[in-house]
Amino acid sequence: MTTATVAGTSPVQKYLALAGAEVRLVMRNRTMAVSTLFVPVALGVFWAFSFGGGPEVWPMVVALQAAVTLGMGLYLTATQTVVARRHTRVLTRMRTSGISDPGLLVATLTPAVVIALVQIVIFAAIDLVMGVAAPVNPIALVAMLLAGTALMVTAALATSVITPSPERAQITTLPLVFVMLGGAIAMAVIPAQGWLQALLVVPGAGVGTLVRLAWGGEVGMGAVTGTLVATLSLLVWAGVFARVVQQRFRWDPRNG
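Because the structure is a prediction, the values reported are computed rather than measured. Every chain's residues receive numbers from 1 upward, in the order its sequence appears when written. Owing to the predicted nature of the model, reporting of local features is limited to residues with pLDDT of at least 70; listing and counting of side-chain atom pairs is limited to 80 or more, with chain, interface and lining totals taken over all residues. In computing side-chain properties, one takes all heavy atoms of the structure into account and sets aside hydrogens as well as water.

### What to know about the overall build of the chain
The following threshold applies: In DSSP terms, a helix is any run of H or I states spanning at least four residues, a strand is any run of E spanning at least two, and both are numbered starting from the N terminus. Think of it in three bands: residues with accessible area under 20% of the maximum for their type are buried, residues over 50% are exposed, and the middle band is partly exposed, with areas taken using a 1.4 Å probe on protein chains only. Throughout, a contact is declared for two residues whenever any of their heavy atoms are within 4.5 Å. Each accessible area value is a Shrake-Rupley result obtained with a 1.4 Å probe; residue values ignore everything except the protein chains displayed when judging cover.
From N to C terminus, the chain includes ten helices and zero strands. Out of the 256 residues belonging to the chain, those deemed buried represent 49%. Here the analysis covers contacts within the chain between residues at least 6 apart in sequence; of these, 76% occur between residues at least 24 apart. Total accessible area on the chain is roughly 11,700 Å²; 70% of this is exposed by carbon and sulfur atoms.

### Some thoughts on the layout of surface pockets
Over the atoms, a rolled probe matching the size of one water molecule traces out where space is still vacant. Inclusion rule: A 1.4 Å probe that fits into a set of points on a 1 Å grid over the protein atoms alone but cannot get out defines a cavity; an open set with protein on both sides within 12 Å along at least five of seven lines defines a pocket, and lining residues are those with an atom within 4 Å of a point. Grid points are joined across faces, edges and corners, and a volume is the space filled by probe spheres set on the points. Polar here means any residue outside two lists: the nonpolar Ala, Val, Leu, Ile, Met, Phe, Trp, Tyr, Cys and Pro, and the charged Asp, Glu, Lys and Arg; Gly therefore counts as polar.
Considered as a void within the structure, the largest pocket measures approximately 360 Å³ in volume. The wall of the largest pocket is formed by 19 residues, among which V62, I120, A124, D127 and L141 lie closest to the centre. Broken down by secondary-structure element, the contributors of at least two residues to the lining of the largest pocket are α3 (58-87), α5 (101-130) and α6 (138-161). Here the lining of the largest pocket is composed, by residue class, of 16 nonpolar, two polar and one charged.

### Points about helix α9 (residues 203-214)
Of all the twelve residues making up α9, twelve are buried; the element is thus mostly covered by neighbouring parts of the structure. If you follow the buried residues of α9, they end up packed against α3, α6, α8 (174-189) and α10 (223-248). Phi for G216, located one or two positions after α9, is positive at around 80°.

### Some details on the nonpolar core
This is how it is decided: We call a set of buried residues a nonpolar core when its members are Ala, Val, Leu, Ile, Met, Phe, Trp, Tyr or Cys and they connect through side-chain atoms within 4.5 Å of each other.
M144, M152 and V207 are the most contacted members of the largest nonpolar core, which has 63 residues in total. The set of elements that each furnish at least two residues to this core consists of α2 (30-50), α3, α4 (90-94), α5, α6, α8, α9 and α10. By residue number, the principal contributor to this core is α3, which donates 15 residues. With residues up to four places along the chain from it excluded, the contact list for M144 reads A66, L70, T149, V207, L210, V211 and L234.

### Topic: the environment of M152
With respect to the element layout, M152 can be found in helix α6. Sequence separation of M152 and L76 is 76 residues, and the distance between their C-alpha atoms is 8.8 Å. Excluding residues that lie within four positions of it along the chain, M152 makes contacts with L70, G71, L74, Y75, L176 and M180.

### Re the environment of A116
Of note, A116 is situated in helix α5. Residue A116 is classed as buried on the basis of its relative accessible area of 7%. Along the chain, A116 and L70 lie 46 residues apart, while their C-alpha atoms are 6.8 Å from each other. Discounting residues that sit within four places of it in the chain, A116 has contacts with T69, G73 and L74.

Printed below as a string of structure tokens:
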């Protein structure tokens, strides 16, 4: 990829051209496409059909689907993409294209966001066919998606700092992916009363809590307070990772 790839008459055209090129590059990488698109979808479908129906299990299934979408579809893809572009010094060269630094990062992260959106649509269709009821608190679901996206994007940029190559991203992202899945399923099914509410300090716990609240579950804090606290827990972690990015992220691998 060169600066000619994003030639255009305006920054918006350049951004769209670069974002489109990034999506095509990710889809051409069969290993990345399988690990970040097809594997999460397969897991989500497996969980939907394995746990069966019923209001008592759907929050757990949806929480797992949300966690695997955010953790693998978004976080893993974003980390691999950023590291790959940095590793080949594309990010450094693209700074001469006329796109601002934030715009360049947004365009680079676009494939991960697109993959996550595709997975969300697929899971929504599957859950609808399986008979899952509509959420009674859709605001909690929207908050989970927005705050979870902010967390995973900043976490991907922070993880790219310690990831020396795109292949290593499969390893460096594993801890947070497992934490996301564990925290999500725990807060979606356990009686979240008393000291168990302290589990919200775990990143994935906010996802499970918001899914639980979306389907009318109790978390011991009330729907409004629980939604605010769970959303805040995700955003606080996003702020922590953003701080790491601000201090450590470099465009050129030769600079550390």
